[in-house]
Amino acid sequence: MEPTAGSTSSTETEREPAERVALGRIVGAHGMGGQLRVHYFGGAPDNLMRLENALIAESEGAADAERFEVKRAAPGRREEVRMTLSGVDDRESAERLRGKLVIAEASQLETLPEGEYYSYQLVGCRVEGADGRPIGTVREIWATGAVDVLVVEGENGAQQLIPAAADQLRAVDLEARRIEIEILPGLLDPV
């Protein structure tokens, strides 16, 4: 599973996949010509580097998001991309964007291979055991470096941490917003 951030809320218990997805956060300017340093989210900068247009805003759902043409994007420092946007022509303009998100329309993201999902697609899905037992709803995903972890909130508000390993996730149905997991001994025991 290759995660990126993001989701928008439609109901309290289940959320539809996001229409906009944050791909990174602007952490500063590079040089004097308006180039941005963008810390990318997820495991790789591929989606960020292939953007033709980007939204810049405080949050994914912000009504005041500004649309920019991406003139250039290239690898930068570790976990960063250097990005040049039309209309951001000097260091001062770039610094004004510090802290804002670089956002893409979900339709702009690269299609993943079968069995791989973006984080925004899984957040809001209900989680059930293979026996049909309800576990809860995915609230967020932690990228741990090895196997991502689904943070699943039950009806009582308690959270379960479920490894997102292929042998753990038996079925993912994005249309039905449902994930079926293998409940291994001790997986759901209180900590």
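Since this is a predicted model, take the numbers as computed values, not measurements.

Cut-offs applied
Residues numbered from 1 in each chain as written. Predicted model: local features only at pLDDT ≥ 70, side-chain atom pairs only at ≥ 80, totals over all residues. Heavy atoms only, no water. Pairing = 2+ DSSP bridges. Helix = DSSP H or I, 4+ residues; strand = E, 2+ residues; numbered from the N terminus. Axes fitted to C-alpha atoms, helices over the stretch in contact; angles between N-to-C directions. Buried < 20%, exposed > 50% of the residue type's maximum accessible area, 1.4 Å probe, protein only. Contact = heavy atoms within 4.5 Å. pLDDT = per-residue confidence, 0-100. Core = buried A, V, L, I, M, F, W, Y, C linked by side-chain atoms within 4.5 Å.

1. Structural notes on the sheet that holds strand β6 (residues 101-105)
Strand order around the closed barrel formed by six strands is β1-β2-β5-β4-β3-β6, with antiparallel pairing between neighbours. Strand-to-strand twist of the sheet, defined as the mean angle between neighbouring strand axes without regard to direction, takes the value 45°.

2. Looking at unusual backbone geometry
At E79, a residue that is not glycine, the phi angle is positive and equals roughly 60°. Summarising the element assignment, E79 is placed in the loop between β4 (66-75) and β5 (80-85).

3. Considerations on the side chain of Q35
Of note, Q35 is situated in strand β2 (residues 35-40). With relative accessibility at 15%, the residue Q35 sits in the buried group. Those residues in contact with Q35 that lie beyond four places of it in its chain are G28, A29, H30, R72, R82, M83, T84 and A94.

4. As for the confidence of the model for the chain
When the pLDDT values of the chain are averaged, the result is 86; 90% of them are 70 or greater. Throughout residues 1-14 the model reports pLDDT below 50, and contacts reaching past four residues in sequence, or to other chains, amount to 53 contacts.

5. Comments concerning the nonpolar core
Counting residues in hydrophobic clusters, the biggest one holds 26 residues, and the most contacted among them are L48, L51, M83, L85 and V102. Sorting the residues of this core by element identifies β1 (20-30), β2, β3 (53-57), β4, β5 and β6 as the ones contributing at least two each. The leading source of residues in this core is β1, at four residues. Leave out the neighbours within four places in its chain, and L85 touches L36, I56, F68, E69, V70, K71 and L97. Counting residues in each nonpolar core, the second largest holds 16 residues, with L122, I162, L169 and L187 among its members.

6. A few points about the environment of G87
The topology assignment puts G87 in the loop between β5 and α2 (91-96). In this structure G87 comes out as exposed when scored by relative accessible area, which is 57%.

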